[in-house]
Each structure stands twice: as structure tokens, then as C-alpha cells.
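Report on the structure
For reference, the chains in residue letters:
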Amino acid sequence: MTSSLFGVLIAGSSLLLLASGCGTLHPRSPLPAEHASLATPRGYSNIRDWGDHYSPVLQQSVETALKAEAAPDNPLGQTPIQYLALSGGGMNGAFGAGFLCGWSAQGSRPTFDFVTGISAGALLAPFAYLGTNYDSALRDIYADLKPSDLFQRKGLLRILRDDSIFDTAPLRRILEKHVTTNFLAAVAREHALGRRLWIGTANLDARRPVIWDMGAIASSGRPDAPELFRRVMLASSAVPGAFPPVYFSVEANGKTYDELHVDGGISRQAFAYGPVLHLDEIRRQLDEQHRKRPAELFIIRNGDLGTHYAAVKPKALPILLNSLTALTHHQAEGDFYRMYVYAGRDRCDYNLTGIPAAYQHQSTKQFDSGEMKRLFSLGEQMGNVGNCWIHSPWEDLNFKLPAGFAAPASSSAK
């Protein structure tokens, strides 16, 4: 969820500092550093790897995928390779959900070969991956819920001993409703066709990004696969300190340990494949037709593409909050530039959309129901227009906002 809950995180920081000497409700058996690259959830293999360097595991997964798509009877191999990257953004995820629904209604939304999600984008990604028949779930999660339907504040005494300010049990129940055994069977079918779904978390012990191959989890056939699938989604959206981290039980050298994973947005705001793949090596193994398939990257930024000017009160908390907002905004810009470079290297068309700078936010309250509905509506209208994309990170998104969405001309700047 990232930046939109930093306010809650900072506001509760004094409590968490006071609690540092208290007993914890989550005793740990942390993984030793020397085993960090060996560990895996029990019963699984090749379902994840580090997201900050070349990965033989993910390279093999994509090699298998593109070869499957190159089969004569696979219709996916007759179209461009199409990537969808869904960024973090907290309640701004309502924009991405609306955009996907509007894109479906417009009729040109692709069946993506690769879908990635991080933080708020991780809650969207599995539904976006399975296609337009799952738009109702996007609407359910982002357009029709109140904050209490997603999380609830813990009592003061529990906060003093626990690992977060809020309890995300309501969000877990929503995921249990939608991410079922049948849902995973659908993901596994698409995985077998050569499509890939990746979600990013952050291993806080290692301070490194992790990419989970969600189709590999779904294809495992294990009875605990739906629970692991949901836990990865929760981990990717677990704002440190605000939402509970997710503890993964892992095995290394025959012993059981745990890893602590939080919001993938602490390492990056969006990702496609970047350094984890040598894509040219894979494509050289294909026949000439599939080696030269065109490629397209679509990035939905669940946040503002521009910046908004607002005078900051000369007090510690507003200064901290605005600094963190600026930090995550420019972190996202850096991610988009990096993705642009990789797209150029791999001859991939680049398309980026997000909330235009002219959009007038009516509420800064976290997960405000009314604001989320407006963001969903904005995204839905933009997706339905069909041409709300820019083709480099430094362009302006010239989209005429409907009445009621635009800010006064002097209040925003790129």
C-alpha cells in the first residue's frame, strides 16, 4: 500500500518506540544469513527468487513460458508479448481497478503474457491476470468497501507489544472469498499456456526484494497453495508498522526457520522483469517468427503522475509526512525510468498511465470511501477512452478530466 499509509505509520511511531522494550507476541526463529538463498517454503521449489539480480529460477520460468506460447496450437504466440505492471499506491489502487474495468468495457484490453504487481498492485494483479471476468472482484475490493472492511485498529495495549497498528483480518477474509481453490486452478491453467504472474514482496531480514512466481504456486497442486498465495498478496501490501508483516515458515538444510516479509514498495514502486532475466538469450532459442514477436509494456501507476504544490506546516509530523510522500513519488519515477531503459534494450513499446496532475483529490484521509469511489470512477472513464498513455517517463498525460475531477490550474505542476 506504501505511501498513502505512511501518515499512520509516523503517527504511531512514538507508540512503537515505547514498545521496543516490551515482550513480543510473535517470537521468531529467524533464518541465518548464510542460508538466505537456500530457504524455501516447505514442499515448494522454484516459486521465487531475489528481485535485484539475475535469477536462473525466473529465467527458466520465462523460457518455459515463451516456448509454450510458441507451440503451433497456442493462440497467444500469434500476438505481441504484452506485459502489465501494476504499481503500489494504497487507496489509489482504486484508480487502477477502475482503469482495468474501463479498459475491459472499451474492448481493447489484452490478455497479458506477464502481469506483475507490488503493494496495492499485488491486490489487483491476480484478477487482472485472469481477465475481464474477474472485474467484479476489483470493484468489490476497491469501489464498494469502507476502511473497516479492509482493516481495524488494534487496542493500545496490543499495539505496545505487537508488530503493527492495524489488524488486516477483514482483508484476509476478502481474499479468502475470492482466492479459492477454483481461482488457483484458473491461474494454473493460464500458467500452463505460458502466461506468468509475479508479485513482489520485501524480505525485511535480508532487506532485499523477492519475486514470487504465483502461477508456480498455483500449479503445485498442494492443498496449502491457496493459503500461501493469499499470504504473498498480504505480504506485498503490508505497510511496515501499519499492517502486520507476514511470517513465512521456510526450510533450509533440513531445519525450519521463519522469514519476515513486508510491503514490496519499500524496495520499488513497480517492476516488470528488469535485471532478473536475460530476455534476448531466451528469444534467440525460439524460431524466427517467435523470436521477432513485438513486445509492449503497459504500466498503471496507482498514484499521481505529477506533483501537487501545498504549503507545509512548520511542525515535525507534517514535515516527515510530506518528505516521505515526496520520497516515494520520486522513487516511483526512478522505477519508471529504469523500466523505460529495459524496454528500450529489449525493443519493447513503453506505455505509462496514472492519475493526471490535474486531478483534484477531495480527501487525504487514508482509505476514504468517497475518495476511493472517485478514483475508481476516474480510472474507469480513462480506461474507457482507450488512449490515456504516455510513451516515456517525462511526458505529460494530456487527458481532459471530466467536470468535478480537475484542480484549479494554479494548484498543480509537473
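Look up: the structure comes first, before these words.
Everything numeric in this text was worked out from a predicted model, so none of it was measured.

**A closer look at the overall build of the chain**
In terms of regular secondary structure, the chain is built from 15 helices and 14 strands. Looking at the 414 residues of the chain, the share that counts as buried comes to 56%. For the chain, long-range pairs separated by at least 24 residues make up 79% of all intrachain contacts whose partners lie at least 6 apart in sequence. Here the chain displays about 17,500 Å² of accessible surface, and carbon together with sulfur accounts for 55% of that area.

**With respect to empty space enclosed by the protein**
In the structure shown here, the tally under the stated rule is 3 cavities of 30 Å³ or more. Roughly 60 Å³ of internal volume is contained in the largest cavity. Element by element, the count of residues in the lining of the largest cavity is highest for helix α14 (residues 316-345), at 3 residues. Of the residues contributing to the lining of the largest cavity, the split by class is 8 nonpolar, 1 polar and no charged.

**Structural notes on the pattern of salt bridges**
Side chains that differ in sign of charge can pair as their charged atoms come close. Taken as a whole, this structure holds 20 salt bridges when the rule is applied. Note that Asp 113 is salt-bridged to Arg 293, the shortest N-O span being 3.5 Å. Separated by 180 residues along the polypeptide, Asp 113 in the loop between α4 (93-106) and β4 (114-118) and Arg 293 in the loop between α13 (288-291) and β11 (295-304) bring together distant segments of the chain. Arg 293 matches Asp 113 in its accessibility class, with the two residues each being buried. In this structure, Arg 230 and Glu 227 form a salt bridge, with 3.2 Å as the shortest nitrogen-oxygen distance.

**Points about the packing of aromatic side chains**
Evaluated as defined, the whole model comprises 20 aromatic pairs. On the numbers, 5.4 Å between centres and 45 degrees between planes, the contact of Tyr 83 with Tyr 273 is tilted. Pair noted here: Tyr 83 is in strand β3 (residues 81-86) and Tyr 273 is in the loop between β10 (255-263) and α12 (279-284), with a separation of 190 residues, a long-range link. In this structure Tyr 273 comes out as buried when scored by relative accessible area, which is 7%. Among the aromatic residues, those joined into a cluster by ring pairs are Phe 95, Phe 99, Trp 103, Phe 112, Phe 298 and Trp 389. One Lys or Arg, Arg 208, reaches over the ring of Trp 50 and ends 4.1 Å from the middle of that ring. Lying across the ring of Tyr 44, Arg 222 places its NZ or CZ 5.1 Å from the centre.

**Some thoughts on the pairing of strand β9 (residues 246-252)**
For β9, the tally of buried residues reaches 5 of 7 residues, placing the bulk of the element in the interior. Examined bridge by bridge, strand β1 (residues 40-41) and β9 share 2 bridges and lie antiparallel to one another. Note that in β9 the partner of Thr 40 across the bridge is Glu 251. When β9 meets β10, the two strands line up antiparallel, connected through 7 bridges. Following the sheet pairing, Val 246 is matched in β10 by His 261. Counting the residues in the hairpin turn of β9 and β10 gives 2 residues, including Asn 253, whose phi is positive at 50 degrees.

**Looking at the nonpolar core**
Formed by 117 residues in total, the largest nonpolar core has its most connected members in Ile 217 and Phe 229. In terms of residue count, helix α5 (residues 120-130) provides more of this core than any other element does, 9 residues in total. Apart from the residues within four sequence positions on either side, Ile 217 is in contact with Tyr 44, Ile 47, Trp 212, Ala 225, Leu 228, Phe 229 and Val 232.

**Comments concerning helix α15 (residues 369-385)**
Between its first and last C-alpha, α15 extends 25 Å over 17 residues, near the 24 Å set by a 1.5 Å rise per residue. The residue sitting at the N-terminus of α15 and contributing the capping side-chain oxygen is Asp 368; that oxygen lies 3.2 Å from the backbone nitrogen of Gly 370. Directly after α15, the chain includes Gly 386, whose backbone phi takes a positive value near 90 degrees.

Rules of the game
Residues numbered from 1 in each chain as written. Predicted model: local features only at pLDDT ≥ 70, side-chain atom pairs only at ≥ 80, totals over all residues. Heavy atoms only, no water. Helix = DSSP H or I, 4+ residues; strand = E, 2+ residues; numbered from the N terminus. Buried < 20%, exposed > 50% of the residue type's maximum accessible area, 1.4 Å probe, protein only. Contact = heavy atoms within 4.5 Å. Areas by Shrake-Rupley, 256 points an atom, 1.4 Å probe, with all protein chains shown as cover. 1 Å grid on protein atoms, 1.4 Å probe; cavity = no way out; pocket = protein on both sides within 12 Å on 5 of 7 lines; lining within 4 Å. Points joined across faces, edges and corners; volume = space filled by probe spheres on them. Nonpolar A, V, L, I, M, F, W, Y, C, P; charged D, E, K, R; others polar. Salt bridge = Lys/Arg side-chain N within 4 Å of Asp/Glu carboxyl O. Phe/Tyr/Trp six-rings, centres within 6.5 Å; stacked < 30°, edge-to-face > 60°. Lys NZ or Arg CZ within 6 Å of the ring centre and 35° of its normal. Pairing = 2+ DSSP bridges. Core = buried A, V, L, I, M, F, W, Y, C linked by side-chain atoms within 4.5 Å. Expected span 1.5 Å × (residues − 1). Polar contact = N/O pair within 3.5 Å; in protein donor to acceptor, adjacent residues only side chain to side chain.

All quantities given are derived from atomic positions and should not be read as evidence of function.
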